[in-house]
Amino acid sequence: MSKTKPFTIGRQQVMNAYLRVRANKGRGGVDEISLEMFDKNAKNYLYKIWNQMSSGSYMPPPVMLVKIPKKERGQFRPLGIPTVADRIAQTVVAELLERELDPMFDEDSYGYRFNKSAIQALEQTRKRCWRYAWVVDVDIKGFFDNLSHELLMKAVRKHIGCKWMLLYIERWLVAPVQLEDGTLVKRTKGVPQGSVVGPVLANLYLHYATDVWLRRNFAHCPFERFADDSVIHCESELAAREVKEALERRLKECGLELNAQKTKIVYCKDSNRRGNYPNVHFDFLGYTFKPRQAKNSQRNESFTNCLPAVSNKSLSSMREKMKQWQTLKLAGSTLEEVAKEINPVVRGWINYYGKFYTSKLKTFMREVNLRIVKWARSKYLKIRPSVKKALMWLKGVSLRKPNLFAHWKLLGATPMVKVIGAV
């Protein structure tokens, strides 16, 4: 170890981090250097990152703040965009952190972890709603903006002894945020959403703030957590109230607070659970859990169960995305060009929102058909006067080319029949 290079960081570590950042894509930060620009001079940029990190002189640049629309119309989520170089530096540390910390995280912590997913969290929630009659739907107010740097670093030091990792984690925590008008804002708490190292640090914080605490004090109340979104299952309303009140006190000890408007106690009503309660549904990871009709295929009987289906907020978000499809705004586009643009998006929707109670998603996918029909009427004179003619035309296309659009397989052999019948 030389005097000029007090820290041992392998060049291959930096290269691997670069390849990971490159695969994830994303925009540039405050230095306005895009991934494409970085690629053209990658050798020099990577050497500079390695050299500065190894010498202890690496100083994170400000994080560029952008506003991302939420599913709730008119609301925005602040997202911090690090520079490409800073994302690479963060990835070097994040990979080591994940490797060290992930094995100790709770089995019901599903966010941003190896071999864990939102679908797994939803499946476990679905099963536990059958077993437990009550849910505490937890919403932490501004979690990423308010977590304590002091408590976070205390947890980091408990598990990480590497001096250069600790040095750079502390520097990333206090790196200023640059607003859209160029103003720099100092940070004394919180982790910007959008940082590479943020998710694993957030998991560590909540591991001690909630997960370990719940296991120790409410072992009879299982939970699922994905980042700062979580639900806790209880056998009785009294138990749910006790958990909610205790959790509120616990979060205050950790510098956080429950969102009083969004945190609620929910009754998982079904055919066997009677009674009227104010809350019988909750949203979790883009799905709404509520009483829905289900069918026992063996007995050929219908019954009510607390089941997940794509939420109305998610549907609204998808409708907004539909409005952005460029090929459907141009009469000169071809059907193949339309399919090429929308199929990757639609496949993503089906892969995620089609896992549970697909009937609601199928109804939405017929809206996609109607959006294609609207485009076709602007393109073809013969079908322009009549919606029904346009629908019959698209039905003919679906019979000739059943695999042209990704959602047609979900809708079955005749994806236009119900839409046509409704006109």
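Refer to the structure above for everything that follows.
Here the structure is a predicted model, which means the values were calculated and not measured. (Residues numbered from 1 in each chain as written. Predicted model: local features only at pLDDT ≥ 70, side-chain atom pairs only at ≥ 80, totals over all residues. Heavy atoms only, no water.)

1. Quick word on the environment of Gly26
Mapping Gly26 onto the fold places it in the loop between α1 (11-24) and α2 (35-40). Residues Gly26 and Thr183, spaced 157 residues apart in sequence, show a C-alpha to C-alpha distance of 23 Å. Discounting chain neighbours no more than four positions away, the residues touching Gly26 are Leu35 and Arg87. (Helix = DSSP H or I, 4+ residues; strand = E, 2+ residues; numbered from the N terminus. Contact = heavy atoms within 4.5 Å.)

2. So, the sheet that holds strand β5 (residues 184-185)
Taken in spatial order, the four strands make up an open sheet running β2-β1-β4-β5, and their pairing is mixed. Unpaired on one side and paired on the other, β2 (76-81) and β5 mark the two borders of the sheet. In terms of strand pairing, strand β4 (residues 177-178) meets β5 through two bridges, oriented antiparallel. Bridging from a neighbouring strand, Val177 pairs with Val185 of β5. (Pairing = 2+ DSSP bridges.)

3. So, the nonpolar core
By size, the foremost hydrophobic cluster in this structure holds 71 residues, and its most contacted members are Met53, Ile88, Leu97 and Ile232. Per-element accounting of this core gives the leading share, nine residues, to helix α9 (residues 198-217). Ignoring sequence-local partners within four residues, the contact set of Ile232 consists of Trp134, Val135, Val136, Val138, Leu214, Cys221, Pro222, Phe223, Val243 and Leu247. Grouped together as the second largest cluster of nonpolar side chains are 51 residues, Tyr110, Cys129, Met318 and Ile350 included. (Core = buried A, V, L, I, M, F, W, Y, C linked by side-chain atoms within 4.5 Å. Buried < 20%, exposed > 50% of the residue type's maximum accessible area, 1.4 Å probe, protein only.)

4. Description of the pattern of salt bridges
Going through the model one piece at a time under the given rule, you end up with 19 salt bridges. In this structure, the salt-bridge partner of Asp102 is Arg113, at a minimum N-O distance of 2.9 Å. Taken together, the residues Asp102 in the loop between α4 (84-101) and α5 (118-131) and Arg113 in the loop between α4 and α5 connect sequence positions 11 residues apart. The exposure class assigned to Asp102 is buried, which follows from its relative accessible area of 13%. Notably, a salt bridge pairs Glu237 with Arg241, separated by 2.9 Å at the nearest N-O pair. Taken together, the residues span about one helical turn, with Glu237 and Arg241 both in helix α10 (residues 237-253) at a distance of four residues. (Salt bridge = Lys/Arg side-chain N within 4 Å of Asp/Glu carboxyl O.)

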